[in-house]
Amino acid sequence: MFDYHMHSSFSADCTVEMEEMVKGAIAKGLSEICFTEHIDYDYPDENFVFDFDKKKYGERIDTLQHKYANQIRLKKGVEFGVQPHILDQYNELVKKETFDFIICSLHTVQRKGLHFGEIFEGRTVEEASQLYYDELLNCVKHFEKYSILGHIDLIKRYAPQLVQNNFHDVLREIFQLIIPAGKGIELNTSGVRYGLPNGLPSDDILKLYKECGGEMITLGSDAHKPDDIGFQFQESRELLKSIGFRYVTTFDKLQPTFHAI
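Everything in this summary refers to the structure shown in the same document. (Residues numbered from 1 in each chain as written. Predicted model: local features only at pLDDT ≥ 70, side-chain atom pairs only at ≥ 80, totals over all residues. Heavy atoms only, no water.)

Their axes nearest at 10 Å, the elements helix α6 (residues 168-178) and helix α8 (residues 203-211) cross at an angle of 45 degrees. Classified by the angle between their axes, α6 and α8 sit oblique to one another. Crossing hand, α6 versus α8: right-handed. Touching H168, L171, R172 and F175 of α6 are D204, I205, L208 and Y209, all from α8. When grouped by side-chain class, the residues that make up the contact of α6 with α8 number five nonpolar, one polar and two charged. (Axes fitted to C-alpha atoms, helices over the stretch in contact; angles between N-to-C directions. Helix = DSSP H or I, 4+ residues; strand = E, 2+ residues; numbered from the N terminus. Parallel < 35°, antiparallel > 145°, perpendicular 65-115°, else oblique. Left-handed = near helix turned anticlockwise from the far one by under 90°. Contact = heavy atoms within 4.5 Å. Nonpolar A, V, L, I, M, F, W, Y, C, P; charged D, E, K, R; others polar.)

Next up, the structure:
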């Protein structure tokens with residue numbers, strides 16, 4: 001199995017050294033992992049600088065890949081925290097750096113971090129969620145340097161109550177843009193770890209993506225510690241198969257490979 005969303009101490013919100021994450025993945029029997037360290041330009045919390053030394057990052061992955069070559073494959077990925085006003089910065093970064101895999105994630109809305117819940121102040125959960133999906137759609141319309149959209153309904157994790165509206169209209173519009181462009185989505189299993197009834201996205205969104213013709217999907221635990229690597233992957237594979245997905249996807253130098261479930 002493959003875990004295509006995980007972090008190490010190269011990410012500002014993780015303290016675990018990369019080698020410990022590699023050992024954890026090996027212990028769980030994974031055959032390939034992709035580190036997707038955070039880059040969130042202009043993140044609205046000065047206590048976190050979501051960026052890292054790209055040269056040291058690549059060198060560390062190369063060193064560990066050589067050391068554990070007979071046990072696991074390591075890929076160099078990144079998770080971009082997009083906002084409409086910083087897309088050009090990511091375009092410039094991709095021109096200078098090489099990655100195997102790029103996640104496009106929305107961690108902020110109107111320059112406010114989802115983590116702090118500010119977007120919900122003075123709004124209903126539905127109103128805040130509409131802002132979130134509209135901003136994601138805006139970014140998708142103006143940015144294409146990525147492989148998949150990460151935890152596409154992340155706002156559910158921070159909402160003070162269950163969202164009743166499923167927002168399928170705007171999600172369908174997003175899917176109709178990304179699928180012909182050769183982009184995919186992930187099933188991020190961390191939703192269950194954070195108390196949601198399912199992963200991110202929820203089952204209805206996975207079904208909508210499939211109905212829209214989507215085939216490209218990755219599995220990611222969003223692990224920040226070894227214990228969470230590969231979380232609920234077997235159950236997730238069974239869910240994907242029941243919906244009609246035939247493959248999970250891995251990447252090498254941004255080129256996808258499809259593996260039968």
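Let's pick the thread back up.
Right, let's get into the sheet that holds strand β8 (residues 184-188). The strand order across the open sheet built from seven strands is β1-β2-β3-β4-β7-β8-β9, with neighbouring strands paired in parallel fashion. Of all strands in the sheet, those with a lone pairing partner are β1 (2-6) and β9 (217-220), marking the two edges. Along the sheet, helix α1 (residues 18-27) contacts β1, β2 (32-39) and β3 (73-81); its crossing angle with β2, the most-contacted strand, is approximately 145 degrees. (Pairing = 2+ DSSP bridges.)

We now examine the packing of aromatic side chains. Under the definition given, this model contains 17 aromatic pairs. A centroid spacing of 6.2 Å and a plane angle of 75 degrees characterise the contact between F10 and F52, whose relative ring orientation is edge-to-face. One end of the pair, F10, is in the loop between β1 and α1; the other, F52, is in the loop between β2 and α2 (54-67), with 42 residues separating them in the sequence. We classify F10 as buried; its relative accessible area is 18%. What makes F52 buried here is its relative accessible area of 10%. (Phe/Tyr/Trp six-rings, centres within 6.5 Å; stacked < 30°, edge-to-face > 60°. Buried < 20%, exposed > 50% of the residue type's maximum accessible area, 1.4 Å probe, protein only.)

Its 18 residues place the ends of helix α4 (residues 125-142) 26 Å apart at the C-alpha level, agreeing with the 26 Å of an ideal helix rising 1.5 Å per residue. Buried within α4 are the following residues: V125, A128, S129, Y132, Y133, E135, L136, L137, C139 and V140. Next to the buried residues of α4 lie α3 (87-96), β5 (108-109), β7 (148-149), α5 (155-158), α6 and α8. (Expected span 1.5 Å × (residues − 1).)

Right, let's get into the side chain of S129. Relative to the helices and strands, S129 resides in helix α4. Discounting residues that sit within four places of it in the chain, S129 has contacts with I155, V163 and F167.

The next subject is the layout of surface pockets. Taken as a whole, the largest pocket encloses approximately 410 Å³ of empty space. Looking at the largest pocket, it is lined by 20 residues, and the ones nearest its centre are D13, F50, H115, R157 and Y158. Residues that form the lining of the largest pocket fall into these classes: eight nonpolar, six polar and six charged. Here the second largest pocket defines a volume of roughly 210 Å³. Listed by contribution, the elements that provide at least two residues to the lining of the second largest pocket are α2 and β3. Element by element, the count of residues in the lining of the second largest pocket is highest for α2, at five residues. Residue classes in the lining of the second largest pocket are distributed as four nonpolar, three polar and six charged. (1 Å grid on protein atoms, 1.4 Å probe; cavity = no way out; pocket = protein on both sides within 12 Å on 5 of 7 lines; lining within 4 Å. Points joined across faces, edges and corners; volume = space filled by probe spheres on them.)

Scanning the model with the defined rule gives 15 salt bridges in all. When the shortest N-O distance is used, the salt bridge between K141 and E173 registers 3.7 Å. Within this pair, whereas K141 is found in helix α4, its partner E173 is found in helix α6, the two being separated by 32 residues in sequence. Judged by its relative accessible area of 47%, K141 is partly exposed. For E173, a relative accessible area of 34% translates into the label partly exposed. The residue R193 makes a salt bridge to D228 at a minimum N-O spacing of 3.4 Å. Remark: D228 occurs in the loop between β9 and α9 (233-243) and R193 occurs in helix α7 (residues 190-193); sequence separation between them is 35 residues. You can call R193 partly exposed: its relative accessible area is 23%. You can call D228 buried: its relative accessible area is 14%. The network of salt bridges with common partners includes E17, E19, R60 and K67. (Salt bridge = Lys/Arg side-chain N within 4 Å of Asp/Glu carboxyl O.)

For any two helices packed against each other, the geometry is given by the interaxial angle and the distance between the axes. Here α4 crosses α6 at 15 degrees, and the two axes come no closer than 10 Å. Comparing the axis directions of α4 and α6 gives the class roughly parallel. Seen from above, α4 lies across α6 with left-handed handedness. Together, Y133, D134, L136, L137, V140 and K141 of α4 and V170, L171, E173, I174, L177 and I178 of α6 make up the contact between the two elements. Looking at side-chain class alone, the contact of α4 with α6 contains nine nonpolar, no polar and three charged residues.

All we've got here are geometric facts, nothing functional implied.
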